[in-house]
Amino acid sequence: MTHLNPQYEKLSQNYIFPLVQQKMADFKRQSPDNPLANMGIGDIQLPLAPSIVRGIEEAAREMEKNLYGYGPAEGYSFLRERLAVFEYSAYGFSTGEIFVSEGINNAIAAFSELFPLDASVGILDPTYPVYYANNILAGRENIMLLPCTEENGFCPSPPENHLDIVYLTTPNNPTGIAFSKDALQEWVDWAIEHQSILLIDAAYKAFITSENCPKSIYEIPGADRVAVEFCSFSKSAGFTGLRVGYTIVPKKVSLQTKNGPLPIGKYWQIQQDTKTNGVSYVMQKAALAALSDEGLRETAEQVATYQKSTKMIYNALKAKGQICYGGMDSPYIWWKVPFGSDWDFFDFLLNTLHVVAVPGAGFGRSGEGFIRLSGFQSEESCKIALEHLEKIEETAR
Ligand code: PLP
């Protein structure tokens with residue numbers, strides 16, 4: 001019989017979200033009359049903005065008249081140009097340094113293929129599990145976890161040793177903490193000194209409000225020599241189900257080759273040409289609509305709703321004497337569990353308060369002892385969440 005790639009057996013636990021979904025489904029089956037406040041999976045809760053729906057409709061009608069077959073793997077120039085002008089011209093980037101993707105998940109996983117199997121990798125702990133899982137599946141063994149703890153404010157400093165690639169997520173999921181300008185400068189300086197590459201996951205940059213936390217790594221001098229930034233319309237414009245993202249691959253970021261250092265973008269283009277046929281025309285038009293004046297206004301309102309919900313939940317927990325982090329620059333609250341393990345507390349929240357959260361250990365070993373709440377809540381679902389959490393004091397004692 002054909003063998004399974006043994007790397008798949010090296011992933012120590014099931015991916016966290018299916019486990020949470022399973023427990024939620026079991027609860028619903030056993031207690032159909034108890035509604036749940038779902039603060040688990042960090043998916044969007046608001047419907048698509050009207051301007052984006054119109055963008056999709058118009059693009060579909062265009063396709064009725066004109067032929068749009070395979071598009072360029074790196075994305076249509078209308079979207080790349082808009083992104084270059086709208087977001088990245090301030091940092092001196094051109095259209096050729098912006099690549100459209102099907103979202104960060106695909107792009108950041110595929111990007112690791114540009115590095116050799118024996119590359120040394122740094123990954124925050126806890127963080128979004130995809131980077132670790134992908135490197136294990138690829139067969140990498142030299143992985144250094146960088147603990148994000150209360151002591152270091154959940155933002156570890158660079159290590160003494162060399163690493164070839166470091167994944168930094170700012171704001172981080174699940175801690176909800178964004179790296180400050182100083183912390184990012186430290187990483188950029190370290191990457192320049194060590195000739196390392198930083199892979200920045202900026203999925204939640206739209207949620208950053210702290211003045212000293214950059215929304216883009218390129219606010220940091222020198223970052224255009226060492227950092228690739230992964231962005232997405234998923235959380236800022238409600239595209240989790242539509243799938244459009246973009247990756248900034250600066251010309252100055254190089255890889256060592258047989259012919260000396262060459263721009264990494266050249267190889268990312270080859271990767272894209274080989275492994276994708278691009279993102280659909282309709283979805284790229286939808287993304288363009290999200291960047292129109294109306295789209296920006298409507299999606300900013302959605303982000304503001306999530307920010308308000310997150311703050312209300314965070315403040316309610318603080319008022320109950322709970323120890324919580326995050327919530328300020330991201331839609332996630334990182335709640336220090338008041339008793340038991342994070343899975344014990346998860347079960348308690350589910351079975352007693354009828355609240356769904358995500359246990360911190362699911363994001364890495366240093367996540368043990370914490371639980372993540374998602375502030376992706378509409379006004380209505382936030383109200384329900386607050387009602388459920390209201391009983392935390394009396395039941396948790
Ligand atoms: N990066 C982080 C840190 C995330 O939390 C998520 C989704 O939750 C993603 C990336 C996925 O982004 P996309 O929908 O663009 O694939």
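Okay, so let's go over this structure. Since we're looking at a predicted model, the values are computed, not measured.

## A word on the overall build of the protein
A count of helices and strands for the protein gives 14 helices and 15 strands. Computed over the C-alpha atoms, the radius of gyration of the protein is 21 Å, within 12% of the 21 Å expected from 2.2 N^0.38 for a compact globule of 397 residues. By principal-axis analysis of the C-alpha atoms, the protein measures approximately 65 × 55 × 55 Å. When the 397 residues of the protein are sorted by exposure, 54% land in the buried category. The long-range share in the protein, meaning contacts at least 24 apart out of those at least 6 apart in sequence, stands at 73%. Accessible area of the protein: about 17900 Å², with a carbon and sulfur share of 51%. Within the protein, one finds 33 positive and 46 negative side-chain charges whose respective centroids are separated by 3 Å.

## Side note on the site of the ligand
Residues in contact with the ligand amount to 14 residues; listed here are only the nearest, N173, D201, Y204, S232 and S234. At a separation of 2.7 Å, an oxygen atom of the ligand approaches a polar side-chain atom of N173. Its free accessible area being 400 Å², the ligand has 92% of it covered by the protein chains. Elements with a contribution of two residues or more to the shell around the ligand: α4 (104–111) and α8 (234–237). A breakdown of the residues in the shell around the ligand according to their chemical character gives five nonpolar, six polar and three charged.

## Overview of helix α13 (residues 379–389)
Listed as buried for α13 are S381, C382, A385, H388 and L389. Projected onto a plane normal to the axis of α13, the buried residues spread over an arc of 120° and lie on a single side. For α13, the exposed residues set more than 90 degrees away from the buried face come down to E379, E380 and K383.

## Digging into the packing of aromatic side chains
Across all of its chains, the model carries 33 aromatic pairs by this definition. Each ring, one from F17 and one from F363, has its centre 6.1 Å from the other, and the planes form 75°; the classification is edge-to-face. Taken together, the residues F17 in helix α1 (residues 16–30) and F363 in the loop between β14 (358–359) and β15 (370–374) connect sequence positions 346 residues apart. Residue F17 shares its accessibility class with F363, and that shared class is buried. For the ring pair Y204 and F376, a centre distance of 6.5 Å and an interplane angle of 45° mean the geometry is tilted.

## Section: the environment of N135
Along the chain, the position of N135 falls in helix α5 (residues 130–138). With residues near it in sequence (within four places) discarded, N135 still touches S112, V121, I123, R140, I143 and Y167.

## Regarding a negative patch on the surface
Side chains of D182, E186, D189 and E193 sit close together on the surface and give a patch of like negative charge. With respect to the secondary-structure elements, D189 resides in helix α6 (residues 181–194).

## Section: α5
Regarding α5, the residues found buried are V130, Y131, A133, N135 and I136. Contact partners of the buried residues in α5: α4, β3 (121–125), β4 (143–147), β5 (165–169) and β6 (197–201). A positive backbone phi angle near 105° is found at G139, which sits one or two residues after α5.

## Quick word on unusual backbone geometry
Residues D125 and P126 are joined by a peptide bond in cis, for which omega reads 10°. Inspection of the secondary structure puts P126 in the loop between β3 and α5. Phi angles above zero are rare outside glycine, and Q195 is one such case at about 50°. Looking at the secondary structure, you find Q195 in the loop between α6 and β6. We classify Q195 as exposed; its relative accessible area is 70%. With a phi close to 75°, R243 is a non-glycine residue in the positive phi region. Mapping R243 onto the fold places it in the loop between α8 and β8 (245–248). The class for R243 is partly exposed, based on a relative accessible area of 28%.

Each value, and the rule that gives it
Residues numbered from 1 in each chain as written. Predicted model: local features only at pLDDT ≥ 70, side-chain atom pairs only at ≥ 80, totals over all residues. Heavy atoms only, no water. Helix = DSSP H or I, 4+ residues; strand = E, 2+ residues; numbered from the N terminus. Rg over C-alpha atoms; globule rule 2.2 N^0.38 Å. Buried < 20%, exposed > 50% of the residue type's maximum accessible area, 1.4 Å probe, protein only. Contact = heavy atoms within 4.5 Å. Areas by Shrake-Rupley, 256 points an atom, 1.4 Å probe, with all protein chains shown as cover. Lys, Arg positive; Asp, Glu negative; His and termini not counted. Charge placed at Lys NZ, Arg CZ, Asp CG, Glu CD. Near = heavy atom within 4 Å. Polar contact = N/O pair within 3.5 Å; in protein donor to acceptor, adjacent residues only side chain to side chain. Nonpolar A, V, L, I, M, F, W, Y, C, P; charged D, E, K, R; others polar. Arc of directions from axis to C-beta. Phe/Tyr/Trp six-rings, centres within 6.5 Å; stacked < 30°, edge-to-face > 60°. Patch = residues over 30% accessible without salt bridge, like charges linked within 9 Å, V, L, I, M, F, W, Y side chains within 5 Å. Salt bridge = Lys/Arg side-chain N within 4 Å of Asp/Glu carboxyl O.

These figures come from the coordinates and say nothing about function on their own.
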